[in-house]
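Geometric and topological summary
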Amino acid sequence: MALMRITSPHAHGPMSTARVMQNVLLATVPGVIVLTHFFGFGTLVNIIWASILALAFEALALRLRKRPLGFYLGDYSALVTAVLLGIALPPYSPWWLIAVGIASSILLAKHLYGGLGYNPFNPAMVGYVVLLISFPVQMSSWAAPRGVGELPGLLDALQACFTPGNFDAVTMATPLDLLKQNNSLLMDDLWQQNAQFGRWAGIGWEWASLAFLAGGLWLLYQRVFTWHAPVAMLVALALTAALFYDGGSSASGGSPLFHLLSGATMFGAFFIITDPVSSAVSTRGRLVFGALIGLLVYLIRVYGNYPDAVAFAVLIMNFAAPFIDQYTQPRSYGHAARREDNE
Amino acid sequence: MRQVYDFHGGIHPPENKHQSIAAPIADAGIPEELVLPLAQHIGAPAIPVVEIGQKVLKGQLIAEPAGFVSVPLHAPTSGTVSAIEDRQIAHPSGHSARCVVIATDGKDEWIDHSGLADYKSVDRSELLTIIRNAGIAGMGGAGFPTAVKLSVKAEVGIETLILNGTECEPYITADDILMRERAEQIIEGAQIIAHLVQPDEILIGVEDNKPEGIAALQTAAEGTGVEIVVFPTKYPSGGEKQLIEILTGKQVPSGGLPSAVGVVCQNIGSAVAVRDAVIDGRPLISRITTVTGEGVNDPRNYEVLLGSSLAYLLEQADYQTNKNKRLIMGGPMMGFTVPDAHVPIVKTTNCVLAPAETELPAPPPAQACIRCGMCAEACPASLLPQQLFWFSQGKEFEKAEQHNLFDCIECGACSFVCPSNIPLVQYYRAAKAEVVQLRKDAEKSEHSRIRFEARQTRLEREDAEKEAKRAARKKAAEEKARLAAEQGSTEEDPIQAAIERAKAKKAAQAEGSNSAESAGEKLEKAVVTTRKRLDTATAKLTAAKEDGSDLVDALQTGVDKTRAKLEAAEKALREHQQAAITKEQPTEEAKPIDAAQVAIKKAMAARVADADKSPEEKAREALQKLEARLQKSEARLAQGKAAGEEEKIITALESTVERLREKVAQAQSQANETEVS
């Protein structure tokens, strides 16, 4: 009997790429539940339709690239992209919007670059930004939250997606929109005049953010990623917001708490910037990467043209990731602290 | 309690040590054949000192070291050397290597040996020689010659002697059982080594998953000053560099030796071997090896003779062939698969692992690297394995080296945690090998370049030297000539002298020939030669005329001159002959000469007349002559016919007439042509 020849190590840990992706999917559940509670079934329909499309596009791309379907579909990476994009898109988005977004994510951002592991940009964010630039009207209409507007049912949600012409959405400006457009009201007045602000950062938003935070903490516990990038981003964002917060004048950029809990901050910190493929590699690099995203999020939100900024900030920093890697190589065992000292 | 430090990264693979630690050490016995590779250590292979057919005793030297970084080899039991040949050995590449094969006789008869009663009384170098002669090489796995490692220069100053009892690899319990059963010998070995390197402190590092071994060591170490340091279990804390960091908080500089931070590190198995060599005079001929995995029914530790085959050892442990598909020498993290169960146990074999397929499943196909960074978190050398993988795969070796590829200790932690099942370590091994090869190639080409340039320089130098010599000679000659001229030419100029010598020679020759030949003969010769030349010249002239060549005039002049010479020569000859005739008695022979001369003269006259004629005249003459001959022949034919001569003769005459007619026609056309031209 011929003996098997394999190189060491012969033992292997329990972790697999599929399990990493499954954990990420699982961690989004609380956030999705909260979003559904406050904004109705729109997000859920987004996610399901996006998932179907993502698997179809992934299969198509794999077929065209002559790769084994089962092996690559089994890594769940397309599903993760779909769920993340589905969450990021406004609830009750029409089917074609989602299709364009998913096609951009899977075909353009992922497979044109060589598939999983080779994409320099976060696929979900590429899809999101393509849509945001191409269809600003559809992308900036967010549903009114529970208690402020009337929530559509599941059937309405399906109708909104697949026969968008027959659906009349109840949409409303998000707190970030209102803050951006505000130029005369004090923060306290702004909060009082607009029901959607809720307690800290907007009805629905604050709870969804906390739910994503919980999911993210669970992923940290599961060691799917390290704390460096998310913490750096949140700290940088909070610090910048605190630095520019003047106590609530009409020119105020919003409190640190508002920035942490509104929009896509928490979702971005734990589900978007933690995408390892397109981020910096070393722990130090991820600190820099996260912190700069936090800074950019604030700058774009307050001084830029768009109310939210996570997608842009992430894509800009994706560009910078290799550069960051260049300067954040960790000190290896037996090497002096600084590179010059090694020579 | 001593402070212990943590090192970066590390993993916690399932330990699987309980299976083999339950039973005490068993003696594996004497197999029928022992195969002893000459290279069981790092360094030059040993050189055999026995012959085929030679009887050897247990402990007898069978191969001697081939240099400083090398160790000798001893017969593990008594028997006969049956072969010295290439056999398959336990090596990751599965290659063969030279081995001494011993057919054992089962008597296990020792050679005379004795130890030192008091090792402290002998010289340090003598102790080192004993260790070296005992053939001890690091028994933790690498197999570096122990005596070399212990030859630390006194001025280095060793602060800490560390004995490595960590045994962090899963499954292996060889060190654990050694601690449990031979703790005193470990301590004794530690003291001998300490006597050699004179450290400030002696530490034995053990992971906290070996409480019984720790307890045994602590008992044995009481009052000896040897400290047992226990630290949390984490793979690969048994790596030399990692252990040094755990116990001292210091890092060995990249590419440096532990002595750079004042540390000497030895495996506890090596310590026992040192003790056996020094105290008992027993060379390294056996070792403790763990046999484990679900492929054996009786996993445990064996005291096994070096050179026993894996198959023999597995048989002792009740090996189940059907359960096992791969045999690993070493542990599951850093061990390597062997090609064949018949490879021998060597000095570094701490474990033979025969796992069931479910126990250590074959790796699934690798997926894409998602740069999750789990490998970087696990890396004990603080490298970025994902980047190294990227560079190795893309053959960007410069970048890989920049990312400290060569600080990778190949512990396998990165591969263990990789969710995409990428065989990372294999990529690094390949990259390292390629870099080493590239360096060698670069070195070689550099060497060739230097040689080539040296040769060029040498050739140029030789040329310059030759040139210088030539110049010196020339100068010397000129100097000589100048001096000669100044001294009134007592010596002639060499060239002038040579010319004069040549002239003198020529003159002598001319004189010699004159005296040898008579004047008459010479004249005759001249006539003949000149005539020949005239003939040639005339023929050339005729040809030139026929061709209508431009050279006709020149040739004509040449012919005239030659003829004049010939006439002169003939005249001279005649005068000479007449003078000779008048001088001597007229002889009979003189007449033919005259007749010949007359004939020659006639022919010459005819030729002269002929040569003077123009081509037209010549052609016409030739035509007339031919016509005359034709008439004659026709007349002869008519005469013959009339006379009724034989038909044969008539036919011959007819053909003659015919030929002549053709010639006439030819000559006529030639004559016409010349007239036209």
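Parameters at a glance
- Residues numbered from 1 in each chain as written.
- Chains lettered and ligands numbered in written order.
- Predicted model: local features only at pLDDT ≥ 70, side-chain atom pairs only at ≥ 80, totals over all residues.
- Helix = DSSP H or I, 4+ residues; strand = E, 2+ residues; numbered from the N terminus.
- Rg over C-alpha atoms; globule rule 2.2 N^0.38 Å.
- Buried ≥ 20, exposed ≤ 12 C-beta atoms within 10 Å, placed from the backbone.
- Contact = placed C-beta atoms within 7 Å.
- Domains from an automatic or database assignment.
- pLDDT = per-residue confidence, 0-100.
- Axes fitted to C-alpha atoms, helices over the stretch in contact; angles between N-to-C directions.
- Parallel < 35°, antiparallel > 145°, perpendicular 65-115°, else oblique.
- Left-handed = near helix turned anticlockwise from the far one by under 90°.
- Nonpolar A, V, L, I, M, F, W, Y, C, P; charged D, E, K, R; others polar.
- Pairing = 2+ DSSP bridges.
- Core = buried A, V, L, I, M, F, W, Y, C linked by C-beta atoms within 7 Å.
- Expected span 1.5 Å × (residues − 1).
- Right-handed = clockwise from strand over helix to strand, strands pointing away.
- Arc of directions from axis to C-beta.

Some points on the overall build of chain B
Assigned secondary structure in chain B consists of 19 helices and 17 strands. Taking 677 residues into account, the globule formula puts the C-alpha radius of gyration at 26 Å, and chain B, at 55 Å, lies well above it. Counting only C-alpha atoms and orienting by the principal axes, one finds that chain B spans roughly 155 × 90 × 60 Å. Split into buried and exposed, the 677 residues of chain B put 39% on the buried side. Across chain B, every contact between residues at least 6 apart in sequence was considered, and the portion connecting residues at least 24 apart equals 71%.

Observations regarding the overall build of chain A
Across its full length, chain A holds 18 helices and two strands. Rg of the C-alpha trace for chain A: 21 Å, near the compact-globule value of 20 Å for 343 residues, within the 12% margin. The C-alpha extent of chain A, read off along each of the three principal axes, is 80 × 55 × 30 Å. Relative to its full complement of 343 residues, chain A shows a buried share of 54%. The contacts in chain A between residues at least 6 apart in sequence include a share of 75% that link residues at least 24 apart.

Notes on the domain arrangement of chain A
All names here are of chain A. According to the domain assignment, chain A contains domain 1 (16-172) and domain 2 (174-327). Between the C-alpha centres of domain 1 and domain 2 the distance comes to 21 Å. Taken residue by residue, the interface counts 32 residues in domain 1 and 28 residues in domain 2. Elements supplying a minimum of two residues to the side of domain 1 that touches domain 2: helix 1 (17-27), helix 2 (29-39), helix 5 (77-88) and helix 7 (123-134). Counting residues per element, the side of domain 1 that touches domain 2 draws most heavily on helix 2, which supplies seven residues.

Observations concerning the confidence of the model for chain B
Residue and element names in this part refer to chain B. The pLDDT averaged across chain B works out to 86; a share of 93% of its residues lies at or above 70. Mean pLDDT values over the elements of chain B span from 68, in helix 17 (residues 590-612), up to 95, in strand 14 (residues 300-305). Counting contacts from residues 586-590, a segment whose pLDDT is below 50, to residues more than four positions away or on other chains yields two contacts. The complex model carries a pTM of 0.74, and its ipTM stands at 0.86.

What to know about the packing of helix 1 of chain A against helix 12 (residues 205-221) of chain A
Residue and element names in this part refer to chain A. Running from amino to carboxyl end, helix 1 crosses helix 12 at an angle of 155°, the nearest separation of the two axes being 9 Å. Taken together, the axes of helix 1 and helix 12 are roughly antiparallel relative to one another. In this structure, the crossing between helix 1 and helix 12 has a hand that is right-handed. In this structure, helix 1 contributes Asn 23, Val 24 and Ala 27 to the contact, and helix 12 contributes Gly 215, Gly 216, Trp 218 and Leu 219. Residues of the contact of helix 1 with helix 12, tallied by class, amount to four nonpolar, three polar and no charged.

A short note on the interface of chain B and chain A
Many analyses report the size of an interface as the accessible area lost when the parts associate. The interface of chain B with chain A comprises 55 residues on the first partner and 33 residues on the second. Breaking the side of chain B that touches chain A down by element, the ones donating at least two residues are strand 16 (336-337), helix 9 (374-378), helix 10 (385-393), helix 12 (413-417) and helix 13 (424-486) of chain B. Residues belonging to the side of chain B that touches chain A are distributed by class as follows: 31 nonpolar, 17 polar and seven charged.

Here we look at the domain arrangement of chain B
Residue and element names in this part refer to chain B. Domain boundaries assigned for chain B yield domain 1 (18-353), domain 2 (374-435), domain 3 (517-612) and domain 4 (617-676). A separation of 29 Å is found between the C-alpha centroids of domain 1 and domain 2. On the side of domain 2, eight residues touch domain 1, which itself brings eight residues to the contact. Residues belonging to the side of domain 1 that touches domain 2 are distributed by class as follows: four nonpolar, three polar and one charged.

Remarks on the pairing of strand 5 (residues 61-64) of chain B
Residue and element names in this part refer to chain B. Bridge analysis of strand 3 (residues 47-48) against strand 5 gives two bridges, and the strand direction is antiparallel. Within the sheet, the bridge partner assigned to Pro 48 lies in strand 5 and is Ala 63. Where strand 5 and strand 6 (residues 73-74) come together, two bridges link them in antiparallel fashion. Within strand 6, the residue paired with Ala 63 across the bridge is Leu 73.

So, the nonpolar core
Counting residues in hydrophobic clusters, the biggest one holds 136 residues, and the most contacted among them are Met125(A), Met233(A), Val314(A) and Val417(B). What Met125(A) contacts, discounting residues up to four positions off in sequence, is Ile272(A), Ala311(A), Val314(A) and Leu315(A).

Some thoughts on the sheet that holds strand 3 of chain B
Read from one edge to the other, the open sheet built from three strands follows the order 3-5-6 (chain B), with strand pairing classed as antiparallel. Two strands close off the open sheet at either side, each with one partner strand: strand 3 and strand 6 of chain B.

Here's the deal with the sheet that holds strand 4 (residues 55-56) of chain B
Residues and elements named next belong to chain B. Judged by pairing direction, the sheet is antiparallel, and its four strands sit side by side in the order 2-8-7-4 without closing on themselves. The sheet is open, and its two borders are formed by strand 2 (33-37) and strand 4, each paired with just one other strand. Relative to strand 8 (residues 96-104), strand 2 runs antiparallel, the two being bridged by five bridges. Residue Leu 34 lies in a different strand from strand 8, and its bridge partner there is Ile 102.

A short note on the packing of helix 13 (residues 228-244) of chain A against helix 15 (residues 265-272) of chain A
Residues and elements named next belong to chain A. Where helix 13 meets helix 15, the axes come as close as 9 Å, and the angle between the chain directions of the two elements is 155°. Accordingly, the angle class assigned to the pair helix 13 and helix 15 is roughly antiparallel. Pair helix 13 / helix 15 crosses with right-handed handedness. Seen from helix 13, the contacting residues are Pro 230, Met 233, Leu 234 and Leu 237; seen from helix 15, they are Thr 265, Ala 269 and Phe 270. Per-class residue counts for the contact of helix 13 with helix 15 are six nonpolar, one polar and no charged.

As for the confidence of the model for chain A
Counting all residues, the mean pLDDT for chain A is 87, and 96% of those residues have values of 70 or more. Below a pLDDT of 50 lies the segment residues 338-343 of chain A, which in the model reaches three contacts outside its immediate sequence neighbourhood of four places, other chains included.

Some words on helix 5 of chain A
Residue and element names in this part refer to chain A. For helix 5, built from twelve residues, the straight-helix expectation of 16 Å at 1.5 Å per residue is met to within 8% by its first-to-last C-alpha distance of 17 Å. A large share of helix 5 lies buried, amounting to twelve of its twelve residues. Within helix 5, the full set of buried residues consists of Ser 77, Ala 78, Leu 79, Val 80, Thr 81, Ala 82, Val 83, Leu 84, Leu 85, Gly 86, Ile 87 and Ala 88.

A closer look at unusual backbone geometry
Residue Pro9(A) follows Ser8(A) across a cis peptide bond; omega there is -5°. For Pro9(A), the position within the fold is in the segment before helix 1. Here Tyr76(A), not a glycine, exhibits a phi torsion of approximately 65°, which is positive. Here Tyr76(A) shows up in the loop between helix 4 (69-73) and helix 5. In this structure Tyr76(A) comes out as partly exposed when scored by C-beta crowding, with 18 C-beta atoms within 10 Å. Located in the positive-phi region is Lys395(B), a residue other than glycine, with phi close to 55°. In this structure, Lys395(B) sits in the loop between helix 10 and helix 11 (397-402).

Things to note about the pairing of strand 11 (residues 226-231) of chain B
All names here are of chain B. Alternating positions in strand 11 separate cleanly, Val 226, Ile 228 and Val 230 being buried on one face and Glu 227, Val 229 and Phe 231 remaining unburied on the opposite face. The pairing of strand 10 (residues 201-207) with strand 11 spans six bridges and is classified as parallel. Bridge pairing links Gly 205 to Val 229 in strand 11. Each parallel crossover has a hand, and the one from strand 10 via helix 5 (residues 211-221) to strand 11 is right-handed.

A word on helix 9 (residues 154-162) of chain A
Since there are 3.6 residues in each turn of an α-helix, residues three or four apart along the chain are aligned in direction. All names here are of chain A. What helix 9 keeps buried is the set Asp 156, Ala 157, Ala 160 and Cys 161. Each buried residue of helix 9 lies within a common arc of 135° when the element is viewed along its axis, so the set occupies one face. Looking at the buried side of helix 9, the elements it contacts are helix 3 (42-64) and helix 6 (95-110).

Some details on the environment of Ala606(B)
Within the secondary structure, Ala606(B) sits in helix 17. For Ala606(B) and Ala46(B), which are 560 residues apart along the polypeptide, the C-alpha to C-alpha distance reads 108 Å.

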